[in-house]
Amino acid sequence: KQLHITASDCNYIQTPEAFGPIKLLCYRSRCVIFSHGSYANMDRGFRFFRKNILLRKAFGRYLKWIIRKADLILVLDEASRKDYRPYNARLLKASNSIILPEDYQDWKPHEYQGKLLFVGRLSRDKGIAGIIRAMERMTEGETLTIVGDGEERAIFHRMAEEQRENRRTLTGEIPLQDFISFTGAVAPDEVGRMMERSDILIMNSDFEGVPMTILEAFSHGLPVISTNVGGIADTVRFGDDALQTDGTPESIAAAVHEISQDYENFAECAHAHAAEYSHAVANRKIYEALCAFWK
């Protein structure tokens, strides 16, 4: 009501929960959803009220109602399109996009230094526990930087402390504060600078859409290690710029070792792939699709 939305307005609204109130207040409005991952299974990603089964079921039904009532849905991956098809046929595959770094054309690969990076929300579904445990199995003196914040922060801090102590006891070589470090939430520009100083991005999620983090990592020449969930298989080229794991510490450590043995080739493939996700390319397709929709 405060926005005074009418059917002739164009608004970008960040959260799907707002769809219902807008439809009630302005039922003739036409709504386009840009789905960054599948709403069909969002109830599995509940970070709060995990044990409240009724609330989870109600939220799941609400999201399916949103899917049915949308006038157009832009999806990022085939998994989401498959999830939505039983509820709505008005689907169009789009793509996430990034602004390439200013020095993108001048980029050159550097030697592998064992600097591993995780960027994301510190929650259970991101598989951070497996990444931390994988550090026990690293063979080249790798270090891990964890960027982000979230409700599981204290748990992961305790796990990291245990890993640090174990590693320090076994090797006596790696300084305690450098083995696994947490930065907390940082500004986007700082994330880019961290990527420039890192070697490999590790993702270990239970479910995802098309993570912007992967596209940004590619733009800085970082190969990716990830589980094959959501739209990740549509985004990376496993075997060229990324390696797939099953989420276990053993498979993560093995993937790190494999990339380290052919690092320059993996990094060059990742960097070249980023050009396909330039905003100049991807956003043009979305713009043309929206123009056709409104006509």
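This structure is a prediction, so every number in the text was calculated from the model and none was measured. Per chain, the residues get numbers from 1 upward, laid out in the order the sequence is written. With the structure being a predicted model, the display of local features is reserved for residues of pLDDT at least 70 and the display and counting of side-chain atom pairs for 80 or more, all residues being used for whole-chain, interface and lining totals. Excluded from the side-chain calculations are hydrogens and water; all other atoms, namely the structure's heavy atoms, are used.

### Brief notes about the packing of helix 8 (residues 212-219) against helix 11 (residues 263-274)
Part 1 of the argument: Only the stretch in contact is used when fitting a helix axis, every axis being a line fitted to C-alpha atoms; angles between N-to-C directions are given from 0 to 180 degrees. The numbering of helices and of strands both runs from the N terminus, where a helix is a DSSP run of H or I of at least 4 residues and a strand a run of E of at least 2. Packing of helix 8 against helix 11 leaves a shortest axis separation of 7 Å and a crossing angle of 115 degrees. In terms of their interaxial angle, helix 8 and helix 11 are classed as roughly perpendicular. Classified by chirality, the crossing of helix 11 by helix 8 is left-handed. Each of Leu215, Phe218 and Ser219 in helix 8 lies in contact with helix 11, whose residues at this interface are Ala270, His271, His273 and Ala274.
Part 2 of the argument: Here the contact of helix 8 with helix 11 is composed, by residue class, of four nonpolar, three polar and no charged. Our angle categories are set so that under 35 degrees counts as roughly parallel, over 145 as roughly antiparallel, 65 to 115 as roughly perpendicular, and the remainder as oblique. Should the near helix be turned anticlockwise from the far one by less than a right angle, the crossing is left-handed, and should it be turned clockwise, the crossing is right-handed. By the convention used here, residues are in contact when the closest approach between their heavy atoms is within 4.5 Å. Think of it as three bins: nonpolar holds Ala, Val, Leu, Ile, Met, Phe, Trp, Tyr, Cys and Pro, charged holds Asp, Glu, Lys and Arg, and polar takes everything else, Gly as well.

### Points about the nonpolar core
Part 1 of the argument: To define a nonpolar core, start from buried Ala, Val, Leu, Ile, Met, Phe, Trp, Tyr and Cys residues and group those joined through side-chain atoms within 4.5 Å. Exposure is judged per residue with a 1.4 Å probe applied to protein chains only, and the accessible area is read against the type maximum: over 50% gives exposed, under 20% gives buried, and values in between give partly exposed. Within the largest apolar cluster, 30 residues are counted, with the highest numbers of intra-cluster contacts made by Ile132, Ile146 and Ile180.
Part 2 of the argument: Mapped onto this core, the elements with two or more residues apiece are strand 4 (115-119), helix 4 (128-134), strand 5 (143-147), helix 5 (153-171), strand 6 (180-184), strand 7 (200-202), helix 10 (249-261) and helix 11.

### A few points about the pairing of strand 8 (residues 224-227)
Part 1 of the argument: Neither face of strand 8 is exposed, since Val224 and Ser226 on one face and Ile225 and Thr227 on the opposite face are all buried.
Part 2 of the argument: Strand pairing is assigned whenever DSSP detects at least two bridges linking the two strands. Taken together, the two bridges between strand 7 and strand 8 define a ladder with parallel strand orientation. Counterpart to Leu201 in the pairing with strand 8 is Val224.
Part 3 of the argument: Looking down the strands as they point away from the viewer, one classifies a crossover as right-handed if the path from the first strand across the helix to the second runs clockwise. On the question of chirality, the crossover connecting strand 7 to the parallel strand 8 by way of helix 8 is right-handed.
Part 4 of the argument: With four bridges joining them, strand 8 and strand 9 (residues 242-245) adopt parallel strand pairing. By the bridge assignment, Thr227 is partnered in strand 9 with Thr245.

### With respect to the sheet that holds strand 6
Backbone-to-backbone hydrogen bonds pair the strands of a sheet. The strands run either parallel or antiparallel.
Part 1 of the argument: Spatially, the six strands line up as an open sheet ordered 6-5-4-7-8-9, and their pairing is parallel. Each having just a single partner strand, strand 6 and strand 9 make up the two edges of the open sheet. When strand polarity is set aside, the average angle formed by the axes of neighbouring strands in this sheet is 25 degrees.
Part 2 of the argument: Where strand 5 lies against strand 6, four bridges are found, and the strand directions are parallel. Opposite Ile146, over in strand 6, you have Phe182 as the bridge partner.

### Description of the pattern of salt bridges
Part 1 of the argument: What counts as a salt bridge is simple: a side-chain nitrogen of Lys or Arg found within 4 Å of a carboxyl oxygen of Asp or Glu. Following the criterion strictly, the structure yields 11 salt bridges and no others.
Part 2 of the argument: Between Arg81 and Glu78 there is a salt bridge, with the nearest N and O atoms lying 2.7 Å from each other. Remark: Glu78 and Arg81 occur in helix 3 (residues 78-84); sequence separation between them is three residues, near one turn of the helix.
Part 3 of the argument: Between Arg153 and Asp149 there is a salt bridge whose closest N-O contact spans 3.0 Å.
Part 4 of the argument: Each member of the salt-bridge network shares a partner with another, and the members are Glu78, Arg81 and Lys93.

### Quick look at the confidence of the model for the protein
Part 1 of the argument: Confidence of the predictor at the level of single residues is given by pLDDT, which spans 0 to 100. When pLDDT is averaged along the protein, the result is 87, and 91% of the positions lie at 70 or above.
Part 2 of the argument: Of all helices and strands in the protein, the one with the weakest mean pLDDT is helix 6 (residues 176-179) (64), whereas strand 7 scores best (98).

### Comments concerning the environment of Ile98
Part 1 of the argument: Tracing the backbone shows Ile98 in the loop between strand 3 (91-93) and strand 4.
Part 2 of the argument: Overall, Ile98 belongs to the buried group, its relative accessible area being 5%.
Part 3 of the argument: Expressed as a C-alpha distance, the spacing of Ile98 and Ile13, which sit 85 residues apart in the sequence, is 20 Å.
Part 4 of the argument: With residues up to four places along the chain from it excluded, the contact list for Ile98 reads Met212, Leu215, Glu216, Ser219, Ala274, Tyr277, Ser278 and His279.

### Focus: helix 2 (residues 53-69)
Part 1 of the argument: Taking 1.5 Å per residue, 17 residues should reach 24 Å; helix 2 reaches 25 Å between its end C-alpha atoms and fits that length.
Part 2 of the argument: Among all positions of helix 2, only Phe59, Gly60, Leu63, Ile66 and Ile67 are buried. Projected onto a plane normal to the axis of helix 2, the buried residues spread over an arc of 115 degrees and lie on a single side. Turned more than 90 degrees away from the buried face of helix 2 sit Leu54, Lys57 and Arg61, all of them exposed.
Part 3 of the argument: Where helix 2 is buried, its residues meet helix 1 (19-25), strand 1 (32-35), strand 2 (72-75) and helix 3. Expected span of a helix, by definition, is 1.5 Å for each gap between consecutive residues, and there is one gap fewer than residues. Think of the arc as the fan of directions from the helix axis to the C-beta atoms.

### Structural notes on the pairing of strand 5
Part 1 of the argument: As paired elements, strand 4 and strand 5 share five bridges and run parallel to each other. Bridge assignment links Lys115 to a residue of strand 5, and that residue is Thr143.
Part 2 of the argument: Handedness of the strand 4-helix 4-strand 5 crossover: right-handed.

### Side note on the side chain of Thr245
Part 1 of the argument: Take Thr245: it is sitting in strand 9.
Part 2 of the argument: Accessibility expressed as a relative area gives 6% for Thr245, which makes it buried.
Part 3 of the argument: Here a polar contact is taken to be a pair of N or O atoms separated by no more than 3.5 Å, where protein atoms must pair a possible hydrogen donor with a possible acceptor and residues adjacent in sequence count only if both atoms sit in side chains. A distance of 3.1 Å separates the side chain of Thr245 from the backbone nitrogen of Gly247, its partner in a polar contact.
Part 4 of the argument: Apart from the residues within four sequence positions on either side, Thr245 is in contact with Asn204, Ile225, Ser226, Thr227, Asn228, Ser251, Ile252 and Ala255.

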